[in-house]
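An overview of the molecular structure
Okay, here's what each chain looks like letter by letter:
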Amino acid sequence: MGLLDLFSAASIPVLKVLLVTALGSYLALDRVNILGEDARKHLNGIVFYVFNPAIVSSNLAKTITYDSMVKLWFMPFNVLITFLVGSVLGWLVIQMTRAPRHLHGLVIGCCAAGNLGNMLLIIIPAVCKEKGSPFGAPDVCHSYGMAYASLSMAIGAIFLWSYVYNIMRISSSKSSKEVEISDSSVIKSPRESYVSPPGSCTDPLLHSDKLEGFEDYPDQLALPSSRLEDIAQESLWDKIKQHVEMVVRKVNLKRLFAPSTTGAIVGFVVGLVPQFRRFIIGDAAPLRVIHDTALLLGDGAIPALTLIMGGNLLKGLQIAAVPKSLIAGIVIARYIVLPMIGVAAVKGALQFGLVDNNPLYQFVLLLQYAVPPAMNIGTITQLFGAGESECSVIMLWTYALASVALTFWSTFFLWLVA
């Protein structure tokens, strides 16, 4: 394939995304007000609870088998690498740009969590339909590509709500504590100007002369050793219980098992259990209407997601600026350094036989390193109330530059796997 054909195959999907995104931004304008804030909120709820689970479960159920599971085992590790390497890059961006304390979690989240679901669900089908695509028949490419993208969405959601969510929660709590401490240092406490009168509670409860009589009876001041051991054992057990309860309380299982993750579990069950697969999947399946309905609902996910994304990015134009060095650091980390590390990681895994020699699968693995930050980071900032306006600006610039970055890296990745 020629370089021009590869560039065309990579740029057309990105242009489609840009056109629909621009339409979403236009519909969200105040003078149009078709896709206002309330409308986006309701549409986002439909996408989150209906469209995403439908598209994930239907595509996984159709293509996932035991043989394909053996070939796809590397994808969770690949996603984990993107999160860990992105976290390190985010920490370096914080150190180099001296980002404000309340933005530390946001910067790490933007560098670590990529849009592993929605962008792949948009790009992969469009690449498969192009004539210059190196992935063979469009129907087969679309079927397997959507399964890879759905699995990527489910894994990304698990890491996002279990890893990035807690990093941003800890960062927001630390910044709020620092604000409280600084406020309390400015306002002098009434206790500081209060002088304790004689005989107040600052005097010891028992003077040393009251304890002189107990020196002759040391046994009365000591507890039995067995009682001390019991207390130590009980205290250790109580500490373990407290830590377990704290972890369970702080890890939001409802967020962790997002609807798309639940849809992935359903898709795995239907695809891997022969009895379910025989009844639901296939032209002769008696309950094929269930799968067809899920596919029908899933078709609405991609345009709705792109319209919402365009409406949300409009907020970044209406908010105060973020330091340019911070935006540049995030852009360099996500669109230059991380994809280069991804090429080395995927090619190394292929060299050691960890990845199957499947061009489409390799393309999806490589693309996971080059996507823009996850849109759900904005949802997390709204939950904790830290960095909401800055997040909108960062998302605006990263998604605006994603058109150039995704076109370049998609072209390079297609050339690499072709």
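Residues numbered from 1 in each chain as written. Predicted model: local features only at pLDDT ≥ 70, side-chain atom pairs only at ≥ 80, totals over all residues. Heavy atoms only, no water.

Mapped onto the fold, T82 is located in helix α4 (residues 74-97). Among all residues touching T82, those that are not within four sequence positions of it are A112, L338, Q368 and Y369. (Helix = DSSP H or I, 4+ residues; strand = E, 2+ residues; numbered from the N terminus. Contact = heavy atoms within 4.5 Å.)

What follows deals with the environment of G310. Here G310 lies in helix α13 (residues 301-313). For the pair G310 and L19, spaced 291 residues apart in the sequence, the C-alpha separation amounts to 9.5 Å. Setting aside anything within four residues of it in sequence, one finds G310 in contact with T21, G24 and S25.

With that out of the way, let us pick up the state of the cysteines. Here the structure, examined in full by the defined rule, presents one disulfide. Shown here is the disulfide that connects C128 with C141, its sulfur atoms set 1.9 Å apart. When the S-S torsion is -65 degrees, as for the bridge of C128 with C141, the disulfide is left-handed. Linking C128 in helix α6 (residues 118-129) with C141 in helix α7 (residues 138-186), this pair joins segments that are 13 residues apart in sequence. (Disulfide = S-S within 2.5 Å.)

Their axes nearest at 9 Å, the elements helix α14 (residues 324-351) and helix α15 (residues 359-367) cross at an angle of 145 degrees. The handedness of the crossing between α14 and α15 comes out as right-handed. Contact residues: G342, V343, V346, K347 and L350 in α14; Q362, L365 and L366 in α15. For the contact of α14 with α15, the class distribution of residues is five nonpolar, two polar and one charged. (Axes fitted to C-alpha atoms, helices over the stretch in contact; angles between N-to-C directions. Left-handed = near helix turned anticlockwise from the far one by under 90°. Nonpolar A, V, L, I, M, F, W, Y, C, P; charged D, E, K, R; others polar.)

The space that makes up the largest pocket amounts to roughly 1300 Å³. Contributing to the lining of the largest pocket are 50 residues, with N44, N312, M375, N376 and T379 lying nearest its centre. At the level of elements, α2 (37-63), α6, α7, α9 (253-256), α10 (259-272), α13, α16 (376-384) and α17 (388-417) are the ones that each hand at least two residues to the lining of the largest pocket. At nine residues, α2 tops the list of elements feeding residues into the lining of the largest pocket. The class makeup of the residues in the lining of the largest pocket is 24 nonpolar, 19 polar and seven charged. Reported here for the second largest pocket is a volume of approximately 460 Å³. (1 Å grid on protein atoms, 1.4 Å probe; cavity = no way out; pocket = protein on both sides within 12 Å on 5 of 7 lines; lining within 4 Å. Points joined across faces, edges and corners; volume = space filled by probe spheres on them.)

The buried fraction of α15 amounts to eight of the nine residues, a majority that puts the element mostly inside the structure. Among the residues of α15, those classed as buried are L360, Y361, Q362, F363, V364, L365, L366 and L367. Residue N358 occupies the N-cap position of α15, its side-chain oxygen lying 3.2 Å from the main-chain nitrogen of L360. (Buried < 20%, exposed > 50% of the residue type's maximum accessible area, 1.4 Å probe, protein only. Polar contact = N/O pair within 3.5 Å; in protein donor to acceptor, adjacent residues only side chain to side chain.)

The phi torsion at N33 lies on the positive side, around 55 degrees, for a residue other than glycine. Turning to its location among the elements, N33 is positioned in the loop between α1 (3-27) and α2.

Moving on to the packing of aromatic side chains. Counting across every chain of the model gives 13 aromatic pairs. When the ring of F48 is compared with that of Y49, the centres are 5.0 Å apart and the planes differ by 90 degrees; the resulting orientation is edge-to-face. Among the aromatic residues, those joined into a cluster by ring pairs are F408, W409, F412, F413 and W415. (Phe/Tyr/Trp six-rings, centres within 6.5 Å; stacked < 30°, edge-to-face > 60°.)

Turning to a nonpolar patch on the surface, a few remarks are in order. A grouping of I46, Y49, V50 and L297 is seen on the molecular surface, where their side chains present a nonpolar patch of about 360 Å² in accessible area. With three residues, the top contributor of residues to the nonpolar patch is α2. For L297, a relative accessible area of 36% gives the class partly exposed. (Patch = residues over 30% accessible without salt bridge, like charges linked within 9 Å, V, L, I, M, F, W, Y side chains within 5 Å. Areas by Shrake-Rupley, 256 points an atom, 1.4 Å probe, with all protein chains shown as cover. Salt bridge = Lys/Arg side-chain N within 4 Å of Asp/Glu carboxyl O.)

Before going further, it helps to spend a moment on helix α5 (residues 104-112). The element α5 is extensively covered by neighbouring structure, given that nine of its nine residues are classed as buried. Taken as a whole, α5 has its buried residues at H104, G105, L106, V107, I108, G109, C110, C111 and A112.

Counting residues in hydrophobic clusters, the biggest one holds 99 residues, and the most contacted among them are M75 and I377. In terms of residues, this core owes the most to one element, α7, which gives 14 residues. Apart from residues lying up to four places away in sequence, M75 is in contact with Y148, L151, S152, I155, Y361, V364, L365 and Q368. (Core = buried A, V, L, I, M, F, W, Y, C linked by side-chain atoms within 4.5 Å.)

A separate point is the confidence of the model for the protein. Summary statistics for the protein give a mean pLDDT of 79 and a share of 77% for residues scoring 70 or more. Ignoring residues within four places in sequence, the model shows residues 185-206, a span with pLDDT below 50, making two contacts including any to other chains. Contacts of residues 217-223 to residues separated by more than four positions or lying in other chains number three contacts, the stretch itself having pLDDT below 50. (pLDDT = per-residue confidence, 0-100.)

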